[in-house]
Amino acid sequence: MSTPTPSTNPLLRAWYDKETRSIIVQIIAAALILSFFAYIINNAVVNLAAIGKDISFNFLWQNASYDINQHLIEYSSTSNHFTAMIVGLINTLLVAAAGIVLATMLGFMLGVMRLSNNWLTQKIAYVYIEYVRNVPVLLHILLLHGLIINALPRPKGSYNFGDTFFLNNRGFQMPSPEFQSLFWIVGAFVVAGIAFAWWFSRHAQKVQDETGKAYPVAMINIAAIVLLPFAVYFVLGSPIEWDVPALKGFNFKGGIVVRPEFIALWLALSFYTAAFIGEIVRAGIVAINHGQTEAAQALGISNSRTLKLVVIPQALRVIIPPLTSQYLNLAKNSSLALAIGYMDIVATIGGISLNQTGREMECMLIVMAIYLAISLLISTVMNWYNNRIQLVER
Amino acid sequence: MKLINKVLTGVALTAMTATAAQASTLEDVRAADELKCIVTTGLAGFAAPDANGRWEGFDADFCRAVAAAVLGDGDKVQFVPTTGKTRFTMLNSGEGDILFRNTTETLSRDADLKLSFLPVNFYDGQGFMVPASLGVSSATELDGASVCIQTGTTTELNLADYFRTNGISYEPVPIETNEEGFTNYVAGRCDVYTTDASGLASTRAKFDDPTQHVVLPEIISKEPLGGAVRHGDDEWFDIGKWVVNALINAEEMGVTQANAMNLAANVGNNPSINRLVGSEGNMGEMLGLDAKWAARAIAQGGNYGEIYERNVGPNTPLQIERGLNALWNKGGVLYAAPIR
Ligand SMILES: N[C@@H](CCC(=O)N[C@@H](CS)C(=O)NCC(=O)O)C(=O)O
């Protein structure tokens with residue numbers, strides 16, 4: 001065998017050099033990818049031009065002309081498409097955020113139940129997880145929505161909770177607060193309470209570190225944030241007026257209504273994602289060596305403190321990364337809202353506005369950009385949290 | 001390098017064909033030997049698959065008439081079901097060659113969505129349906145009601161306008177398809193269902209006891225329904241337009257499903273009929289078709305009147321009187337341009 005003689009051709013020599021070759025390959029790959037996108041975009045533009053369409057976002061400032069049932073900001077059919085988009089975005093964020101909170105709570109509960117020594121508890125969690133995560137989330141959504149609109153009574157026969165809360169197949173009606181002028185004082189007390197709690201937690205920690213004396217931190221903080229403002233609220237003569245819903249004609253008037261579409265989507269997304277989170281939490285806890293629990297117990301640390309101080313902080317490091325992708329899934333699955341008519345970002349700008357203006361390209365680009373932004377936001381927050389809880393080596 | 005060359009040529013070629021595909025819908029349809037016709041997801045009487053999966057209805061018959069004229073066989077239709085929201089994107093992206101889907105002709109759909117509307121084949125208007133048990137007798141009594149409304153339609157915009165001008169409030173319950181609207185209405189998620197009066201008739205016919213549901217007297221809009229094609233292909237537009245005109249003229253002249261082919265085989269003594277059925281003149285050629293285009297379209301599902309009576313007329317479950325949709329000389333407004 002003879003060693004390959006270095007070629008005299010500089011091009012060939014460059015090719016045989018590992019680093020240069022990798023650069024060449026990367027340039028070619030990048031060029032191919034870019035030309036692929038250039039082709040797609042060009043193709044779209046050419047074909048749009050063939051039927052006389054251009055790409056323009058001016059339609060955003062025209063009247064939307066359609067109504068949206070759930071809008072958390074001022075909106076009517078005379079608002080423009082941009083406002084309709086914001087309304088849809090808020091609805092998406094609302095259901096995603098509410099879903100993430102509920103899914104996390106349920107998921108942690110399921111994960112702990114799965115590890116329970118109680119046979120029944122453990123099996124319930126097991127059956128729940130296996131059933132829920134093996135049925136497509138769309139079916140959960142449709143099923144829940146169907147149940148709500150069919151099984152719950154119509155407005156006239158609403159379930160009445162003390163003439164204040166009502167449940168029927170138009171949703172859950174509850175009173176809405178109307179803040180009177182003096183209410184700001186209560187608000188100020190809440191803010192002050194939070195500030196105090198923040199300072200007090202650190203102070204208590206310091207005292208404990210130095211003297212070993214432990215204050216009942218949680219109790220005192222709750223008193224500062226909740227009880228004191230409540231007392232102030234009553235001293236000021238309850239400066240909130242409640243707008244209580246009342247049946248007028250076809251529907252309830254006044255108050256706030258949580259619509260069946262929101263409830264169905266929120267619960268379905270939460271129940272579904274919780275099953276996955278449950279498994280992640282279980283895996284996270286199992287990953288912590290049991291010897292550590294035993295060691296803590298040997299030191300006489302109580303069970304709940306062992307969980308809080310030894311197991312959970314370490315389990316979280318295992319749990320957070322896969323949890324992040326569950327949050328991302330939940331946020332993106334919220335677009336299934338379309339199936340039951342929850343007016344999210346896809347239903348508003350990506351649906352009705354798209355159809356009424358014929359701006360398919362523009363609307364889809366907007367929707368994609370928004371989902372990308374939401375996903376990046378979730379990832380960033382979770383990565384920040386993940387870094388925070390990482391083991392600090394001393 | 002060879003590979004890259006191949007890829008690039010491939011890309012260039014597809015780019016060219018993709019652009020060329022816009023050139024002639026007629027050629028595309030002939031090459032595929034099939035007409036892709038955009039219809040509803042299912043609205044009995046207009047377009048809905050029957051028990052054997054065969055699409056039936058007023059709109060479906062217009063699809064078949066066009067296929068018969070262009071391809072010589074009314075069964076060479078691929079039905080493309082769409083919701084109110086997807087129909088125009090499907091048409092403009094080439095997923096369909098022609099659209100017959102309870103579609104209202106409006107300025108913005110023409111100019112902004114870039115559709116070209118064929119002659120109106122059904123004059124309609126938007127109405128409201130409520131359960132009789134509610135005891136409502138006029139749309140003005142609907143303050144605060146929940147209203148099921150199909151998204152991506154003209155009816156959704158009319159609804160917003162109507163309640164706004166009358167200063168009354170409502171809760172829109174957005175739905176995608178007529179089926180979904182029906183389910184929500186039956187479950188009582190909404191008190192009212194609103195859509196084209198023809199759609200209400202079709203939906204009402206689905207109830208075991210239709211008399212328990214009333215259509216309110218108010219008709220709040222004009223909904224001239226017609227077929228449509230993409231902007232930019234005038235020859236194809238002309239074909240669609242004249243098939244519709246031919247079916248309406250056929251009713252006026254007494255050319256029917258039964259006699260169309262016979263009339264086409266012999267030169268009769270009525271030149272208008274001769275031109276329509278192609279025993280005289282070269283009308284078909286002018287359209288890029290053959291002489292018997294209209295005769296086949298009529299023989300496929302009958303003239304306008306026959307299509308109407310069979311699918312939506314007084315003797316069908318929909319029970320819609322001819323009304324505005326009668327010929328101009330019979331008290332209606334159907335007045336098709338002459339074939340000459
Ligand atoms: N004519 C209106 C409304 C058309 C429409 O969507 N009608 C409904 C009810 S009549 C329909 O055809 N639904 C059939 C389906 O759900 O696919 C328009 O063009 O926007």
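(A) Looking closely at the domain arrangement of chain A. Each assigned domain of chain A is listed here: domain 1 (10-47), domain 2 (81-175 + 258-389) and domain 3 (183-243). The centre of domain 1 of chain A, based on its C-alpha atoms, is set 42 Å off from the matching centre of domain 2 of chain A.

(B) Structural detail: the sheet that holds strand β11 (residues 213-215) of chain B. Residue and element names in this part refer to chain B. Taken in spatial order, the five strands line up as β9-β8-β10-β7-β11 in an open sheet, and their pairing is mixed. Only two strands of the sheet have a single neighbouring strand rather than two, namely β9 (170-175) and β11. Across the sheet, the axes of successive neighbouring strands diverge by a mean angle of 30°, strand direction being ignored. Its contacts with the sheet place helix α8 (residues 197-204) against β7 (126-131), β10 (192-196) and β11, and it is angled at close to 125° to β10.

(C) How the structure looks around the packing of helix α8 (residues 260-286) of chain A against helix α10 (residues 303-333) of chain A. Residues and elements named next belong to chain A. Closest axis-to-axis distance for the α8/α10 pair is 9 Å, and the angle between their directions is 155°. As summarised for this structure, α8 and α10 are arranged roughly antiparallel, according to the angle between their axes. Between α8 and α10 lies a crossing of right-handed hand. In contact with Leu-269, Tyr-272, Thr-273, Phe-276, Ile-277, Ile-280, Val-281, Gly-284 and Ile-285 of α8, α10 contributes Val-311, Ala-315, Val-318, Ile-319, Pro-322, Leu-323, Gln-326, Tyr-327, Leu-330 and Asn-333. Considered class by class, the residues forming the contact of α8 with α10 number 15 nonpolar, four polar and no charged.

(D) Geometry of the sheet that holds strand β3 (residues 171-174) of chain A. All names here are of chain A. Strand order in the open sheet formed by four strands is β1-β2-β3-β8, and the pairing between neighbours is antiparallel. In the strand order of this sheet, the two ends are held by β1 (159-161) and β8 (256-258), each with one partner. Looking at each pair of strands side by side, their axes are set apart by 15° on average, direction ignored.

(E) Geometry of the nonpolar core. By size, the foremost hydrophobic cluster in this structure holds 62 residues, and its most contacted members are Trp-236 and Trp-293 of chain B. If we ignore the near neighbours within four places in the chain, the residues touching Trp-236 of chain B are Thr-25, Leu-26, Val-29, Leu-35, Val-66, Val-70, Asp-97, Ile-98 and Val-229 of chain B.

(F) Fine view of the packing of aromatic side chains. Inspection of every chain in the model, using the stated rule, returns 33 aromatic pairs over all chains. Ring geometry for Phe-58 of chain B against Tyr-308 of chain B: centres 6.4 Å apart, planes inclined by 90°, an arrangement best described as edge-to-face. On the criterion of sequence distance, the pair formed by Phe-58 of chain B in helix α3 (residues 58-71) and Tyr-308 of chain B in helix α14 (residues 304-311) is long-range, its members being 250 residues apart. With respect to burial, Phe-58 of chain B and Tyr-308 of chain B carry one shared label: buried. With 6.2 Å between their ring centres and 35° between their planes, Tyr-304 of chain B and Tyr-308 of chain B make a pair best called tilted. Taken together, the residues Tyr-304 of chain B and Tyr-308 of chain B, both in helix α14 and four residues apart, mark about one turn of the helix. Grouping residues by exposure puts Tyr-304 of chain B and Tyr-308 of chain B together as buried. Clustering of aromatic rings is evident, with ring pairs tying together Phe-46, Phe-58, Phe-62, Phe-100, Phe-122, Tyr-304 and Tyr-308 of chain B. When the ring centre of Tyr-126 of chain A is taken as reference, the NZ or CZ atom of Lys-123 of chain A above it lies at 5.5 Å. We note Arg-322 of chain B situated over the ring of Tyr-308 of chain B; from NZ or CZ to the ring centre the distance is 5.0 Å.

(G) Summary view of the pattern of salt bridges. All names here are of chain B. A full pass over the atoms with the stated rule returns 20 salt bridges over all chains. A salt bridge links Arg-64 to Asp-75; the shortest N-O distance between them is 3.7 Å. Within this pair, whereas Arg-64 is found in helix α3, its partner Asp-75 is found in the loop between α3 and β4 (77-82), the two being separated by eleven residues in sequence.

(H) Broad picture of α10 of chain A. Under the 1.5 Å per step criterion, the end-to-end length of α10 of chain A is only 38 Å for 31 residues, more than 12% shorter than the ideal 45 Å. At Val-311 of chain A, α10 of chain A shows its strongest bend, of approximately 45°, with the proline Pro-313 of chain A following within four residues.

(I) Focus on the layout of surface pockets. There is about 760 Å³ of room inside the largest pocket. Asn-69 and Arg-259 of chain A together with Ser-169, Tyr-170 and Glu-171 of chain B are, among the 30 residues lining the largest pocket, the residues nearest its centre. Put simply, the parts of the chain that give the lining of the largest pocket at least two residues each are β7 (251-253) and β8 of chain A together with α6 (154-165) and β9 of chain B. Its residues assigned to classes, the lining of the largest pocket comprises eleven nonpolar, twelve polar and seven charged.

(J) Highlighting the environment of Val-310 of chain A. All names here are of chain A. Turning to its location among the elements, Val-310 is positioned in helix α10. Sequence separation between Val-310 and Lys-123 is 187 residues; the distance between their C-alpha atoms is 26 Å. Sequence-distant contacts of Val-310, that is, excluding residues within four places in its chain, are made with Gln-292, Ala-296 and Arg-305.

(K) Spotlight on the site of the ligand. Residues and elements named next belong to chain B. As a matter of local geometry, the ligand sits amid 21 residues, with Thr-41, Arg-87, Thr-104, Asn-178 and Asp-196 nearest to it. One of the side-chain nitrogen or oxygen atoms of Thr-41 is found 2.6 Å away from an oxygen atom of the ligand. Within the side chain of Arg-109, an N or O atom sits 2.8 Å from an oxygen atom of the ligand. For the ligand, the accessible surface in isolation is 510 Å², of which the surrounding protein chains cover 100%.

(L) Just the pairing of β10 of chain B, in detail. All names here are of chain B. Across the five residues that make up β10, a large majority, five, are buried. The pairing of strand β8 (residues 145-150) with β10 spans three bridges and is classified as parallel. Its bridge partner being in β10, Val-147 is matched across the sheet by Val-192.

(M) How the structure looks around the domain arrangement of chain B. Residue and element names in this part refer to chain B. Once the domains are mapped, chain B shows domain 1 (24-124 + 224-330) and domain 2 (126-221). Each of domain 1 and domain 2 has a C-alpha centre, and the two are 29 Å apart. Contact between domain 1 and domain 2 buries roughly 1,300 Å² in total, counting both sides, with carbon and sulfur atoms accounting for 52%. Together, Leu-43, Lys-85 and Asp-124 form the three largest contributors to the area buried by domain 1 at its contact with domain 2, with a combined 36%.

(N) Summary view of empty space enclosed by the protein. Per the stated rule, a full pass over the model turns up five cavities of 30 Å³ or more. In terms of lining residues, the largest cavity is bounded by 19 residues, among which Arg-101, Asn-102, Gln-150, Thr-195 and Asp-196 of chain B are the most central. Contributions of two or more residues to the lining of the largest cavity are made by α6 and β10 of chain B. If you tally residues by element for the lining of the largest cavity, the top one is β10 of chain B, at three residues. Here the lining of the largest cavity spans two domains, and each of domain 1 (24-124 + 224-330) and domain 2 (126-221) of chain B adds at least three residues to it. If you add up the space inside the second largest cavity, you get close to 60 Å³. Considering the residues around the second largest cavity, the lining is formed by Asp-67, Met-343 and Ile-352 of chain A together with Ile-149, Thr-151, Glu-156, Leu-159, Tyr-170, Pro-172 and Pro-174 of chain B. Mapped by element, the contributors of at least two residues to the lining of the second largest cavity are α6 and β9 of chain B. Looking at the lining of the second largest cavity residue by residue, the classes come out as seven nonpolar, one polar and two charged.

Reading guide: rules and limits
- Residues numbered from 1 in each chain as written.
- Chains lettered and ligands numbered in written order.
- Predicted model: local features only at pLDDT ≥ 70, side-chain atom pairs only at ≥ 80, totals over all residues.
- Heavy atoms only, no water.
- Domains from an automatic or database assignment.
- Pairing = 2+ DSSP bridges.
- Helix = DSSP H or I, 4+ residues; strand = E, 2+ residues; numbered from the N terminus.
- Axes fitted to C-alpha atoms, helices over the stretch in contact; angles between N-to-C directions.
- Contact = heavy atoms within 4.5 Å.
- Parallel < 35°, antiparallel > 145°, perpendicular 65-115°, else oblique.
- Left-handed = near helix turned anticlockwise from the far one by under 90°.
- Nonpolar A, V, L, I, M, F, W, Y, C, P; charged D, E, K, R; others polar.
- Core = buried A, V, L, I, M, F, W, Y, C linked by side-chain atoms within 4.5 Å.
- Buried < 20%, exposed > 50% of the residue type's maximum accessible area, 1.4 Å probe, protein only.
- Phe/Tyr/Trp six-rings, centres within 6.5 Å; stacked < 30°, edge-to-face > 60°.
- Lys NZ or Arg CZ within 6 Å of the ring centre and 35° of its normal.
- Salt bridge = Lys/Arg side-chain N within 4 Å of Asp/Glu carboxyl O.
- Expected span 1.5 Å × (residues − 1).
- Bend = angle between axes of the 7 residues up to and from the residue.
- 1 Å grid on protein atoms, 1.4 Å probe; cavity = no way out; pocket = protein on both sides within 12 Å on 5 of 7 lines; lining within 4 Å.
- Points joined across faces, edges and corners; volume = space filled by probe spheres on them.
- Near = heavy atom within 4 Å.
- Polar contact = N/O pair within 3.5 Å; in protein donor to acceptor, adjacent residues only side chain to side chain.
- Areas by Shrake-Rupley, 256 points an atom, 1.4 Å probe, with all protein chains shown as cover.
- Buried area = accessible area lost by both parts, 1.4 Å probe.

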